[in-house]
Every structure is written in C-alpha cells, then in structure tokens.
Amino acid sequence: MAALSKALQTLSFTTTTNTNNKMLYLYLCNLSNHPTVPRYRKIYTNNATYSKNVVLLDGGKELLKSVGFEEFASFLEWNNGEDDDGEEGGENRLALVKDAVAALELLKYGKKIRIKKSFWKC
C-alpha cells in the first residue's frame with residue numbers, strides 16, 4: 001500500500017496532460033473489471049500508446065508496479081498474488097487495482113487523494 005500511495009502522490013503533482021492519466025486509468029479499469037482475462041493482464045511496453053502516455057507520466061510505471069504488474073523484457077504482466085495452488089499471498093492485489101482506479105478517478109476531477117480502504121467506481 002505504501003508503494004501505491006507514493007506513486008499516486010507523484011501522479012497528483014505531475015503536469016502532464018489528462019490523456020496520460022486516461023490511458024493509465026483505462027488499463028487499470030479494464031483489469032479491475034476483468035481480472036481473469038489475459039489481454040487485460042498484460043501491457044506491451046513497446047506499444048506506442050504505452051510509450052506516449054504511461055512512460056511520460058511521472059509515477060505511471062511505478063503505479064502499475066505497485067498494484068502487481070511485473071516487468072519483463074517487452075511487457076508488464078499483472079500478477080494477482082496467488083501461488084500455483086490458487087492460494088492468495090500477500091496483499092490483495094485486485095483491491096489495490098480498484099483503489100488505484102478510484103484514486104485516478106479523483107485525480108481526473110482535481111481532487112485530493114486519500115487511500116484508507118478499498119473503494120472503487122469503474
């Protein structure tokens with residue numbers, strides 16, 4: 001949760017365009033609504049949309065990593081925190097994704113962000 005809070009704080013002070021935040025919001029919103037669909041669990045880092053929006057966004061990549069995305073050679077892949085037996089390990093990463101979506105929604109309207117419990121609207 002600390003990494004998520006730090007990434008969101010960085011995002012709240014950035015001066016990049018709203019389009020950058022929208023793409024990050026879209027990635028996470030799709031994942032929160034469809035966490036078992038493989039295409040929403042992977043983001044190709046050589047994709048032009050990712051390169052133009054998320055990479056240029058201070059705290060964008062850090063936010064993705066803080067909710068469970070792991071970096072590989074040419075993509076980021078979301079790990080839900082379950083081991084091979086389906087047992088949940090560590091923090092509930094889907095709840096972190098939903099918290100991030102809610103926080104990005106607040107940023108969209110210029111609101112201050114406080115994360116206390118899991119909440120979301122997507």
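What counts as what
Residues numbered from 1 in each chain as written. Predicted model: local features only at pLDDT ≥ 70, side-chain atom pairs only at ≥ 80, totals over all residues. Heavy atoms only, no water. Core = buried A, V, L, I, M, F, W, Y, C linked by side-chain atoms within 4.5 Å. Buried < 20%, exposed > 50% of the residue type's maximum accessible area, 1.4 Å probe, protein only. Helix = DSSP H or I, 4+ residues; strand = E, 2+ residues; numbered from the N terminus. Contact = heavy atoms within 4.5 Å. 1 Å grid on protein atoms, 1.4 Å probe; cavity = no way out; pocket = protein on both sides within 12 Å on 5 of 7 lines; lining within 4 Å. Points joined across faces, edges and corners; volume = space filled by probe spheres on them. Nonpolar A, V, L, I, M, F, W, Y, C, P; charged D, E, K, R; others polar. pLDDT = per-residue confidence, 0-100.

(A) Fine view of the nonpolar core. By size, the foremost hydrophobic cluster in this structure holds 25 residues, and its most contacted members are Leu 28, Leu 63, Leu 64, Val 67 and Phe 69. Residue assignment for this core shows that the elements contributing at least two residues are helix 1 (2-12), helix 2 (18-33), helix 5 (60-66), strand 3 (75-78) and helix 6 (93-108). With seven residues, the single largest contributor to this core is helix 6. Excluding anything up to four places from it in sequence, Phe 69 contacts Leu 28, Leu 31, Tyr 40, Arg 41, Ile 43, Leu 64, Leu 76, Glu 77 and Trp 78.

(B) Representation of the layout of surface pockets. Space inside the largest pocket adds up to approximately 160 Å³. Lining the largest pocket we find Met 23, Leu 26, Tyr 27, Asn 30, Arg 39, Tyr 40, Lys 42, Ile 43, Tyr 44 and Asn 47. With four residues, the top contributor of residues to the lining of the largest pocket is helix 2. Classifying every residue of the lining of the largest pocket by side-chain character gives six nonpolar, two polar and two charged.

(C) The confidence of the model for the protein chain, seen in detail. Of the residues in the protein chain, 73% reach a pLDDT of 70 or more, and the chain-wide mean stands at 79. Within the model, pLDDT remains below 50 along residues 117-121, and this stretch shows 13 contacts once partners closer than five positions in the same chain are excluded.

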